[in-house]
Amino acid sequence: MNNANIFANLRAQFPADLDSIAVETDHGLHYSWRDLERGSAMMANLLQSLKLPQGSRVAVQVEKSVEAFVLYLATLRAGLVFLPLNTAYQSAEIEYFITNAEPAVVVCSAKNFGWVSKIAFTCAAQSVFSLNDDRTGSLLERAAHCSDIHSCSRNTDGDLAAILYTSGTTGRSKGAMLSHGNMLSNAVMLKDYWGWQKGDVLIHALPIFHVHGLFVAIHAALINGSKMIWLNKFDPKTVISAMPRATVFMGVPTLYTRMLLESALTKEASKNMRLFIAGSAPLLKETHEEWEQRTGHKILERYGMSETVMLTSNPYSADKRFQNQSERRAGTVGFPLPGVSLRIANEHDEQLPTGEIGGIQVKGPNVFAGYWRMPEKTAEEFTQDGFFRTGDVGYQDERGYVRIVGRSKDLIISGGYNVYPAEIEGYINEMVGVNESALIGVPHPDFGEVGIAVIIAKPGAALKPDAILADLKSKLANFKIPKRCEIVTELPRNTMGKVQKNLLREQYKSVFTRT
Ligand code: MLC
Ligand code: AMP
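Residues numbered from 1 in each chain as written. Chains lettered and ligands numbered in written order. Predicted model: local features only at pLDDT ≥ 70, side-chain atom pairs only at ≥ 80, totals over all residues. Heavy atoms only, no water.

Draft legend 1. Region of interest: the site of ligand 2. Contacts to ligand 2 come from 16 residues, most closely from R302, S306, D392, K409 and N418. In this structure, an oxygen atom belonging to ligand 2 sits 2.6 Å away from a side-chain N or O atom of K409. Taking N418, its side chain carries an N or O atom lying 2.9 Å from an oxygen atom of ligand 2. Protein coverage of the free-state accessible area of ligand 2, which is 500 Å², stands at 92%. Of all the elements in the fold, those that place two or more residues in the shell around ligand 2 are β13 (300-305) and β20 (402-407). Examining the composition of the shell around ligand 2, we find that five residues originate from one element, β13, more than from any other. (Near = heavy atom within 4 Å. Polar contact = N/O pair within 3.5 Å; in protein donor to acceptor, adjacent residues only side chain to side chain. Areas by Shrake-Rupley, 256 points an atom, 1.4 Å probe, with all protein chains shown as cover. Helix = DSSP H or I, 4+ residues; strand = E, 2+ residues; numbered from the N terminus.)

Draft legend 2. Broad picture of the site of ligand 1. Neighbouring ligand 1 are 24 residues, the closest being K233, R258, S280, R302 and S414. For ligand 1, an oxygen atom lies 2.4 Å from a polar atom in the side chain of K233. Protein chains shield 75% of the accessible area of ligand 1, which is 1000 Å² for the free molecule. Elements that contribute at least two residues to the shell around ligand 1 include exactly α8 (211-223), α10 (253-260) and β13. The class makeup of the residues in the shell around ligand 1 is ten nonpolar, nine polar and five charged. (Nonpolar A, V, L, I, M, F, W, Y, C, P; charged D, E, K, R; others polar.)

Draft legend 3. Just the pairing of β13, in detail. Taking burial as the measure, the six residues of β13 include six buried ones, the bulk of the element. Burial of β13 is two-sided: the residues L300, R302 and G304 facing one way and the residues E301, Y303 and M305 facing the other way are all buried. Pairing analysis gives four bridges linking β13 to strand β14 (residues 309-313), with the strands arranged antiparallel. Among the inter-strand pairings, M305 is bridged to a residue of β14, identified as V309. Connecting the antiparallel pair β13 and β14 is a turn made up of three residues. (Buried < 20%, exposed > 50% of the residue type's maximum accessible area, 1.4 Å probe, protein only. Pairing = 2+ DSSP bridges.)

Structure below.
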């Protein structure tokens, strides 16, 4: 029987010449395919020496580095479950994830080792290692003593490979459980759908704790045996200067708008590039058009989520069989990918006619099994006939292109990161002198959308916006901090007494975009 372990399948596509370059960093380091093979074997042997039960979680909150990527491969290879955490998360957030997921192993930056290990050992973690972005830390020291030969764990399609926490509508994050089969089926299909070719080189400039940078980008490069130009942090100038040596780039819309501000972005600079892919947040039509004008390339926009990996995509190539469907259309996220069933449904989960707006529901081998230890929440998100309710709202036009027009989930997507208002409102409402708050998302030229907190004070209380923001900053990841705080005397409400966030969004919509 074939081994469904995703590492085994990615490894099978490494080039025959293992000494050729697999990863080149912006610091001038080169890693061969053999380095990835040996490094992941040593770390996998270290993890296996801990004799952990099947399904044990390895929680990782470290700065982006090639070694952190190798740790991801090693975890898969050892048959354990990878649990990546955003580096911006602070102690209360990390405490929640570790308490909820009960990882057996935690890997963190040396600078955070004190407080992270305290939380981890309180939650019965067996080992805590450090890993820094300068190739130091106890993980590498310990792995250096392990064998560089390792036989990959055997897994079935349904075995758990990763847990990705996505923020919850009630303020508590849910761990989306992704299996080897979910991720492998998506990677195999995208290799074909996006026309990956021999000689492709990917510029990797995204964080590696979310679906986009960790799964879509890394799996695509590895399954095609393609080299990656690896940037630990996104910098528009560095990406543009790497384009003559690369062919594929993936980014959230903010990365594209930031590159458009650079005069070095020209047709000449991008002439070696084959494909620019965008996703994780809506790409404005203007950005799509300006990019085409400046570079001659039409960005390919696709749509996905933590629970499902990739769901829809604009077409890669002009396929003559489908004359109406071969164009990358701005403002759309394209077609359901092969193997993905997508329907636009009403509140009774019934399919709506073409062109009508409804909830986007999906089914397919890429769709997750459920939320970690939340069977009721999982049941709520699936329909009777097994479709997953994405919480996104849209329609399919007469040619079949999907357009996302809104979200039924109260969510702000800022620079590609998700911010759930309920979580932030919960923190604000606990502050002394606060009566009530509402967090809304408004357009922003750099991040696409950002949060504004609209707050009512308790009678007699004098609230200071700066103090509120500083307090939030001391507790929450930086991207969740509202970019502005407004103190008001009342909030608009409907007849049921519910705050009408749509009216607030309308009122504040031009705060950041007014020139
Ligand atoms: C940083 N800041 C943000 C922010 N990122 N504010 C709002 N939203 C964001 N996304 C703020 C910080 O709080 C800080 O504020 C200031 O900006 C500078 O911080 P920084 O760390 O130096 O920022 P920078 O490196 O410029 O980061 C911006 C970014 C980054 C756009 C490069 O946010 C990023 O990499 N985004 C990509 C996210 C991503 O990969 N999403 C994929 C999800 S997967 P202050 O006040 O403290 O100075 C998914 C599924 C799918 O959605 O379909 O793909
Ligand atoms: P996450 O939970 O971080 O995986 O975020 C997934 C959400 O990002 C989706 O449910 C969508 O709301 C949003 N998203 C992803 N890609 C796109 C896109 N191309 N256009 C609009 N929204 C997107």
